[in-house]
Amino acid sequence: MKTPVVLIPGDGIGPEVTEAMREVVEAAGGRIEWEEADAGLVAVEKHGGPLPEQTLERIRHRRVALKGPCATPIGKGFRSINVRLRKALDLYASVRPVVTLPAVDVPYDRVDLIVVRENTEGLYSGLEHEVVPGIVESLRIITKKAARRIVRFAFELARNQGRRQVTFCHKADVLRLSDGLFLSEARRVARNYPFLDFQEMNVDSLCMELALDPTRFDVLVMENLFGDVLSDLCAGLVGGLGLVPGANIGKKHAVFEAVHGTAPDIAGKGLANPMALIRSAAMMLAHIGQRQAGERIEASVRRTLQAGEDLTGDLGGTGTTATLTRQLIANLSSDN
């Protein structure tokens with residue numbers, strides 16, 4: 001029996017990497033019934049807005065979605081599609097695994113960490129107004145409920161994956177009330193997990209320590225804006241956004257996504273690297289109970305990078321989306 005999953009191809013290179021992902025998932029043995037839905041510029045043209053209500057309703061019904069990169073029109077008053085998805089579906093946890101991959105030229109090896117970001121509050125609550133002409137105020141929202149559940153999510157993730165440590169990132173020395181509340185809740189949750197190491201670190205210190213030695217970290221958890229910045233920073237430690245998968249998870253729904261942009265400069269040219277979306281699909285397969293297919297995909301990504309044949313330009317090769325996809329399929333194996 002196939003599992004229905006809502007598929008949002010997205011904009012720019014989105015349809016190209018989406019098609020490559022579908023081929024690899026099918027070849028890996030993924031049992032998925034794809035239901036396409038619109039978001040992004042194509043949705044603006046068809047429905048008058050970048051995130052139609054029918055797309056949200058499909059995700060609410062099916063519970064799981066996979067999304068390619070989507071563009072938010074600039075200067076037309078639309079909020080970010082990603083922010084709207086997370087708020088509408090209460091996808092409170094962003095999960096970004098960051099792992100060293102073979103034959104990728106980066107200064108670090110043995111990096112294996114997960115960035116867990118609170119997705120629904122902070123400055124991304126979107127509560128802004130102009131106090132007087134020339135002065136704009138943005139409200140940073142932190143609640144006990146959201147703080148508690150994201151830290152608990154991070155500890156449960158660490159426990160379930162056999163990890164050893166959770167690091168809470170904050171700026172409570174300056175933001176005494178908001179980050180002070182978040183830190184207090186993090187400490188309260190940590191007391192329920194005495195078998196896991198818990199450390200607290202200012203965001204500026206964490207940035208420096210990640211640059212010095214990212215291998216010392218395991219699971220990082222933080223508020224929305226810090227998580228937005230640090231998740232991309234950590235992606236750079238292992239080769240960039242073209243390689244790193246992502247997920248947005250709530251109590252009822254989950255949306256998996258490539259976290260890179262739409263790359264309109266190469267859209268339609270067959271040059272896009274589909275690995276980020278393919279690895280996000282592998283995360284999705286594990287989430288819906290098709291773990292073996294997901295593991296086969298992850299193993300193929302490593303074999304393909306190690307072989308170094310037909311890689312796309314961002315990976316130092318001269319291949320295309322199609323040639324890289326063929327290599328990924330050829331490198332699938334029944335064993336893990």
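Here we summarise the structure given alongside this text. As a convention, each chain's residues are numbered from 1 in the sequence order in which they are written. In view of the model being predicted, local features appear only for residues whose pLDDT reaches at least 70, and side-chain atom pairs are presented and counted only at 80 or more, with totals across whole chains, interfaces and linings using the full set of residues. Just so you know, side-chain values use all the structure's heavy atoms and leave hydrogens and water out.

**Details of the overall build of the chain**
Every helix listed is a DSSP run of H or I at least four residues long, and every strand listed is a run of E at least two residues long, numbered separately from the N terminus. What the chain contains, in helices and strands, is 11 helices and 12 strands. We compute the radius of gyration from the C-alpha atoms alone; for a globule the expected value is 2.2 Å times N to the 0.38, where N is the number of residues. On C-alpha atoms alone, the chain measures out to a radius of gyration of 20 Å, which is about the 20 Å that the 2.2 N^0.38 rule sets for 336 residues. Projecting the C-alpha coordinates of the chain onto the three principal axes gives extents of approximately 55 × 50 × 40 Å. Counting every position in the chain, which comprises 336 residues, the buried fraction comes to 54%. Put simply, of all contacts in the chain between residues at least 6 apart along the chain, 74% involve residues at least 24 apart. Summed over all atoms, the accessible surface of the chain reaches about 15,000 Å², with 50% contributed by carbon and sulfur. Partly exposed describes any residue whose relative accessible area lies between the buried limit of under 20% and the exposed limit of over 50%, with all areas from a 1.4 Å probe on protein chains only and scaled to the type maximum. Every residue pair with non-hydrogen atoms within 4.5 Å of one another is taken to be in contact. Using the Shrake-Rupley algorithm and a 1.4 Å probe, accessible areas are obtained, with residue cover drawn only from the displayed protein chains.

**A short note on the packing of helix α1 (residues 14-27) against helix α11 (residues 321-330)**
Comment: axis = line fitted to C-alpha atoms, over the contacting stretch for helices; angle = value between 0 and 180 degrees taken between N-to-C directions. Two elements in contact, α1 and α11, have axes whose closest approach is 10 Å; the angle formed by their N-to-C orientations is 15°. Accordingly, the angle class assigned to the pair α1 and α11 is roughly parallel. The interaxial crossing formed by α1 with α11 has right-handed handedness. Between α1 and α11, the contacting residues are E16, A20, E23, V24 and A27 on the first element and T321, T325, L328 and I329 on the second. Gly is placed with the polar residues, together with every amino acid not listed as nonpolar (Ala, Val, Leu, Ile, Met, Phe, Trp, Tyr, Cys and Pro) or charged (Asp, Glu, Lys and Arg). Per-class residue counts for the contact of α1 with α11 are five nonpolar, two polar and two charged. Just so you know how the angles are binned, under 35 degrees is roughly parallel, over 145 roughly antiparallel, 65 to 115 roughly perpendicular, and the rest oblique. It is the rotation of the near helix from the far one that decides the hand of a crossing: anticlockwise by less than a right angle makes it left-handed, clockwise makes it right-handed.

**Here's the deal with the packing of aromatic side chains**
Paired rings are identified among Phe, Tyr and Trp, the last through its six-membered ring, by centres lying within 6.5 Å, and are further divided according to the angle between planes into stacked (under 30 degrees), edge-to-face (over 60) and tilted (the rest). Evaluation of the coordinates by the stated rule reveals five aromatic pairs. Ring geometry for Y92 and F153: centres 6.0 Å apart, planes at 85°, overall edge-to-face. On the criterion of sequence distance, the pair formed by Y92 in the loop between α4 (81-89) and β4 (93-99) and F153 in helix α5 (residues 144-160) is long-range, its members being 61 residues apart. Note on Y92: relative accessible area 13%, which makes it buried. Classification of F153 as buried rests on a relative accessible area of 17%. Ring geometry for F155 against F198: centres 5.9 Å apart, planes inclined by 40°, an arrangement best described as tilted.

**Section: the sheet that holds strand β1 (residues 3-8)**
The pairing criterion for strands is at least two bridges between them, as found by DSSP. Sheet architecture is open: 10 strands sit in the order β2-β1-β3-β12-β11-β4-β5-β10-β8-β9, paired in mixed fashion. The sheet terminates laterally at β2 (32-36) and β9 (197-202), the two strands that pair on one side only. Shown here is a sheet whose adjacent strand axes are inclined to one another by a mean of 25°, direction ignored. For strand β5 (residues 112-118) and strand β10 (residues 219-222), the ladder comprises four bridges, and the chain directions are parallel. Across the sheet, the residue bridging to V115 is L220, located in β10. Strand contacts of helix α3 (residues 53-62): β1, β2, β3 (64-67) and β12 (254-258), with the helix running at about 155° to β1, the strand carrying the most contacts.

**Brief notes about the pattern of salt bridges**
Within this document, salt bridges are pairs made up of a side-chain nitrogen of Lys or Arg and a carboxyl oxygen of Asp or Glu, the two lying within 4 Å of each other. What the rule picks out here adds up to 25 salt bridges. With its nearest N and O atoms 2.6 Å apart, the salt bridge here joins E57 to R60. Of the two residues, E57 and R60 are both situated in helix α3; the distance of three residues between them amounts to about one turn of the helix. With a relative accessible area of 41%, E57 lands in the partly exposed category. One salt-bridge network, in which partners are shared between bridges, spans D112, R163, R164 and D218.

**Focus on the nonpolar core**
Among the nonpolar cores identified, the biggest contains 66 residues, and M21, W34, L66, V116, M284 and I297 are the most heavily contacted of them. It is helix α9 (residues 275-287) that contributes the most residues to this core, nine residues altogether. Discounting residues that sit within four places of it in the chain, M21 has contacts with L7, W34, L66, L277, I278 and A281. To form a nonpolar core, buried Ala, Val, Leu, Ile, Met, Phe, Trp, Tyr and Cys residues must be joined to one another through side-chain atoms within 4.5 Å. In this structure, L113, F217, L230 and C234 belong to the second largest nonpolar core, which totals 19 residues.

**Side note on the pairing of strand β7 (residues 135-138)**
Direction of pairing for strand β6 (residues 128-132) relative to β7: antiparallel, over a ladder of four bridges. Of the residues in β7, the one forming a bridge with E128 is S138. Hairpin connection from β6 to β7: two residues lie between these consecutive antiparallel strands, with G134 at a positive phi of about 90°.

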